[in-house]
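# Notes for the structure review
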Amino acid sequence: MPAGGKARRSLSFRMAVVVAGLALFVGFLALGGWQVQRLAWKTNLIAQVDARVHAAAVPSPGPTQWAGVTRDKDQYRRVVVRGRFLHDKETLVQAVTDAGGGFWVVTPLVDDRGFTVLINRGFVPAGRRDPAVRADGQVGGAQKVTGLLRITEPKGGFLRANDPAGDRWRSRDVAAIAARRDLTRVAPYFIDADASPNPGGWPRGGLTVIRFANSHLVYALTWFGMALLTSVGLWLFLRDGRRNRS
């Protein structure tokens, strides 16, 4: 092949490598920048949730406010409700907690304002799933419940769907539980009761786990590191090319 043809091929190859290297460099920088933005968002979210959890309890949203309830704005808000429990319509939802495996006891409460809200009263081990063995905890009359507002968990848990027909539940799906228990005018959220003790000690509330994965800084440093390595590799490639031409 003539020397001119080889030179043109060599130049084309170098240009292709440079273009690819620059594209990778810019792409890695963009991904790193995006992770920095995600880090700021997650840090702000954690701060907001921490403020909600430790704020004074406010009345839970009523029917006129339901349309505006969102995960970003209301999840883990500390709320209070007053009413009476419908213990005959409680639902057991499978749970794994720091206290072991068992069930959440989810009981409808007829709020004094005229609607129903599902209350996760807390955890019971498998040996206490029968209400008869925790009869002291089936409190009657007017009750006050303070806890954290939670957004409904539709369909089920990871790889395990709810089975409403069989009354087997892996998540606290408000709409499905309400339909199964023939409840009407039900709030689109549920409430995790706090650690205030129930008579007889069961159910055991206050076991809400608030945890947010926050690896965005690691991801950002990884992408920026890839951009740095790409720039170094590109510089070495161009330097060696100049030496070979010399």
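Relevant structure appears above.
The following refers to the structure shown. Here the structure is a predicted model, which is why all the values come from computation and not from measurement. (Residues numbered from 1 in each chain as written. Predicted model: local features only at pLDDT ≥ 70, side-chain atom pairs only at ≥ 80, totals over all residues. Heavy atoms only, no water.)

## Observations regarding unusual backbone geometry
To keep it simple, the criterion reads: Per the convention used, a helix needs a DSSP run of H or I reaching at least four residues, while a strand needs a run of E reaching at least two, with both numbered from the N terminus.
Here the amide bond leading from W202 into P203 is cis, since omega sits at -5 degrees, within 30 degrees of zero. Along the polypeptide, P203 turns up in the loop between β9 (186-193) and α4 (216-245). If you check the backbone angles, D167 has positive phi at about 55 degrees while not being a glycine. Its location among the elements puts D167 in the loop between β8 (160-161) and α3 (174-180). In this model, R185 sits at a positive phi of 50 degrees, which is unusual for a non-glycine residue. Structurally, R185 is set in the loop between α3 and β9.

## Observations concerning the pairing of β9
Put simply, the test is: Burial here depends on accessible area, computed with a 1.4 Å probe over protein chains only, as a share of the maximum for the residue type. Under 20% is buried, over 50% is exposed, and the range in between is partly exposed. When DSSP locates at least two bridges between a pair of strands, those strands are taken to pair.
Where burial is concerned, most of β9 is hidden: 7 out of the 8 residues are buried. Bridge count for strand β5 (residues 116-125) against β9 is 4 bridges, and the pairing is parallel. In the strand pairing of β9, N120 is matched with D192. With 5 bridges connecting them, strand β6 (residues 143-151) and β9 associate as antiparallel partners. Each bridged residue has a counterpart across the sheet, and for I151 the counterpart in β9 is Y189.

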